Amino acid sequence: MSALLIIIAAIVLLLVGYIFYGSWLAKQWGIDPKRKTPAYEKQDGVDYVPAKPAVLMGHHFSSIAGAGPINGPIQAAVFGWVPVFLWCVVGGIFFGGLQDFGSLFASIRHDGKTVGEIIKDSMGSKSKKLFIIFALLVLILVIASFVNVVASTFLTAADAPKTFGFTANPTGNQTTAIISLLFIVLAVVYGILTNKCGMKTLPATIIGIVGIVAIVILGLNCGFAMTRTAWIVFIGLYIAVASLIPVWIMLQPRDYLSSFLLYAMIILALAGIVFSAFTGSARNVTFTLPAFTGWNQKIGPLFPTLFITIACGACSGFHSLIATGTSSKQLDSEAHAKAIGYGSMLIESALGVISLIAVGVVSSQFLSQNDAGQWVFAGSPPNAFGTGIATMFSAPGSTVFNTVKALLTLAVSVFALTSLDTATRLSRFMFSELFLKEGEESWKDASGVRKVLANPLFGTALMVIIGCILGGLSLSQIWGLFGAANQLLAGIALMAVAAWLGNVGKNNKMFFIPMVFMLAATLTSLIITIIGKIKDMAIAKAGAFAWGNWFQLFFAAAMSILAIILVIEGAKTFAKQIKK
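Fair warning: this is a prediction, and the values are worked out from it, not measured in the lab.

Describing the pattern of salt bridges
- Scanning all chains against the criterion turns up eight salt bridges.
- Taking the shortest distance from any N to any O, the salt bridge between Glu334 and Arg109 comes out at 2.8 Å. Of the two residues, Glu334 is situated in the loop between α13 (317-325) and α14 (337-361) and Arg109 in the loop between α5 (81-108) and α6 (115-123); the sequence distance between them amounts to 225 residues.
- One salt bridge connects Lys572 with Glu569, and the closest N-O pair in it is separated by 3.7 Å. Residue Lys572 and its partner Glu569 are both found in helix α22 (residues 547-579); the two are separated by three residues, about one turn of the helix.
- In this structure, a network of salt bridges that share partners links the residues Glu117, Lys120, Lys128 and Glu433.

Here it is, written out as structure tokens:
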């Protein structure tokens, strides 16, 4: 099947899902455009700040996208394009979109508070505390995963002629690094112009877009070099500061501007698909990925591996944290909830299909079969994505190819940075919430040791340090565990929203199949990980006792236990609702 037909089918199906299923959900839950949102009711100029729909769409979309819809579908391509395509589309419409929209709606009806507060309302305080601990473990994995991705796209090899400072004739990584740094500066300028100087959105946006073009041109001619370790330290400092300052300074403007990069990346990719559909044969550029390669590959069996690996391309628990942690505090009107909550997820699913097509065009470079006949992906997913899209335009090594690939790599790193400081801000909220008693609004109301633990500086520093240390591991050691934890969080978020909707007398039946499926798939994956690690240690397999394996074993066991307890509490809640 041609790449053009695949993407057309995906866009049509996702659009139909948005128009019909998304509207049906809004009607079932009672979206009320006239109802005042938490952004106005609790406006504080720091976290609760009303945002224009385009600005909030930029923040939400950029934050949930990150590197997930690129990394996941590309690594899952070892199963063939049909399974990946089906899960991105079906999962996006009936699983991921449902969770994102539902979480956002539930949060704005809970004063913009997190999933933990929604769980407390329907399942009790004990379940809330357990969920917060679980969510913090997931956020550590989010930070670790994206620190790894960003550092890898910025790094200069340790044996390079110059490993620190500005460079002429930069490599792709050095170009990405300098543009990303300048992008941060540009975002701060935009925030000051719109929030302190009173500039309207349109002229400020024009200035921002011109600024993006200028820094891209500069970055193609001048780069910045640092080693991987140095970049990990810098990224840690950056996300710590970005997560503590008011959202209007960095989070809103940077995410809004970065959304233009994401839109441009999607448009560029679509243009490449169309262009190669008519010129690819003459240039030997074709979609060669098999439709289906088999039920078992080196990364594991299709169930549950496919559904865990694709992650953000179809359904992601991290999205529920963003929807309830930051987006709900900035929503200007409930009328925008469908576009921001449901629409963003479907666009991300489309990006997942685009990533699938990208690797399908260069599958011979990144996919191969081992001696057992199993398909294996080798290389960096962002590199495969950039190479695939750039190849659709021109031959490798050409000026066009290098420019397109550099721009795509930049976009991936910008979105990963967006997810990073959003995740860090969320961890700050939730870490403080863990140590506050009933009636205490902030760390200032606490006393003794709890006041120290609930202090935003303490929680931020602890989460960043742990995340950056784990970010030094290889991505393969983190991503599988991140995927399982992330999808397990999705199952719990679906359960939380369903329990709340049931308590308030609204239709929650659409949640049960997605909830059960996600919980079954993720718990199965975590149990497989635990058994595998224990077996390797029991036979003293080479490298089995490396600290990275201990980390995976501990996290998998801790999250499985917490999740099972939460599922039991959820089942009790549903049982009570049935009796009523």
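Structure's up, so let's keep going.
Things to note about a negative patch on the surface
- There is a patch of like negative charges on the surface, built from Glu41, Asp111, Glu441 and Asp445.
- Mapped onto the fold, Asp445 is located in the loop between α17 (399-434) and α18 (448-453).
- By relative accessible area, Asp445 is classed as partly exposed at 43%.

Some words on the layout of surface pockets
- Reported here for the second largest pocket is a volume of approximately 930 Å³.
- What lines the second largest pocket is a set of 29 residues, among which Glu433, Leu436, Glu440, Glu441 and Ser442 lie closest to the centre.
- Within the lining of the second largest pocket, the residues separate by chemical class into seven nonpolar, six polar and 16 charged.

Some words on the nonpolar core
- Ranked by size, the top nonpolar core spans 188 residues in total, and within it Phe131, Ile357, Phe385, Ile492 and Met559 carry the most contacts.
- With 20 residues, helix α7 (residues 125-154) is the single largest residue contributor to this core.
- Look past the residues within four positions of Ile357 in its chain and what remains in contact with it is Ala3, Ile6, Ile7, Ile273, Phe287 and Met392.

Topic: unusual backbone geometry
- Here the residue pair Phe303 and Pro304 is connected by a cis peptide bond, since its omega of 10° sits within 30 degrees of zero.
- A positive phi is found at Asp111, a non-glycine position, where the angle reads about 60°.
- Positive phi, normally seen in glycine, also occurs at Asn169, with a value near 50°.
- Tracing the backbone shows Asn169 in the loop between β1 (165-168) and α8 (172-195).

A few points about the packing of helix α12 (residues 302-309) against helix α21 (residues 512-538)
- Across the interface, α12 lies against α21 with an axial gap of 9 Å and an inter-helix angle of 105°. In terms of orientation, α12 lies roughly perpendicular with respect to α21. Of the residues in α21, those touching α12 at Phe303, Pro304, Phe307 and Ile308 are Phe517, Ala520, Ala521, Thr522, Thr524, Ser525 and Ile528.
- When the residues that make up the contact of α12 with α21 are grouped by side-chain class, the tally is eight nonpolar, three polar and no charged.

Definitions and cut-offs
Residues numbered from 1 in each chain as written. Predicted model: local features only at pLDDT ≥ 70, side-chain atom pairs only at ≥ 80, totals over all residues. Heavy atoms only, no water. Salt bridge = Lys/Arg side-chain N within 4 Å of Asp/Glu carboxyl O. Helix = DSSP H or I, 4+ residues; strand = E, 2+ residues; numbered from the N terminus. Patch = residues over 30% accessible without salt bridge, like charges linked within 9 Å, V, L, I, M, F, W, Y side chains within 5 Å. Areas by Shrake-Rupley, 256 points an atom, 1.4 Å probe, with all protein chains shown as cover. Lys, Arg positive; Asp, Glu negative; His and termini not counted. Charge placed at Lys NZ, Arg CZ, Asp CG, Glu CD. Buried < 20%, exposed > 50% of the residue type's maximum accessible area, 1.4 Å probe, protein only. 1 Å grid on protein atoms, 1.4 Å probe; cavity = no way out; pocket = protein on both sides within 12 Å on 5 of 7 lines; lining within 4 Å. Points joined across faces, edges and corners; volume = space filled by probe spheres on them. Nonpolar A, V, L, I, M, F, W, Y, C, P; charged D, E, K, R; others polar. Core = buried A, V, L, I, M, F, W, Y, C linked by side-chain atoms within 4.5 Å. Contact = heavy atoms within 4.5 Å. Axes fitted to C-alpha atoms, helices over the stretch in contact; angles between N-to-C directions. Parallel < 35°, antiparallel > 145°, perpendicular 65-115°, else oblique.

Fair warning: the whole summary comes from geometry, so function is off the table for now.
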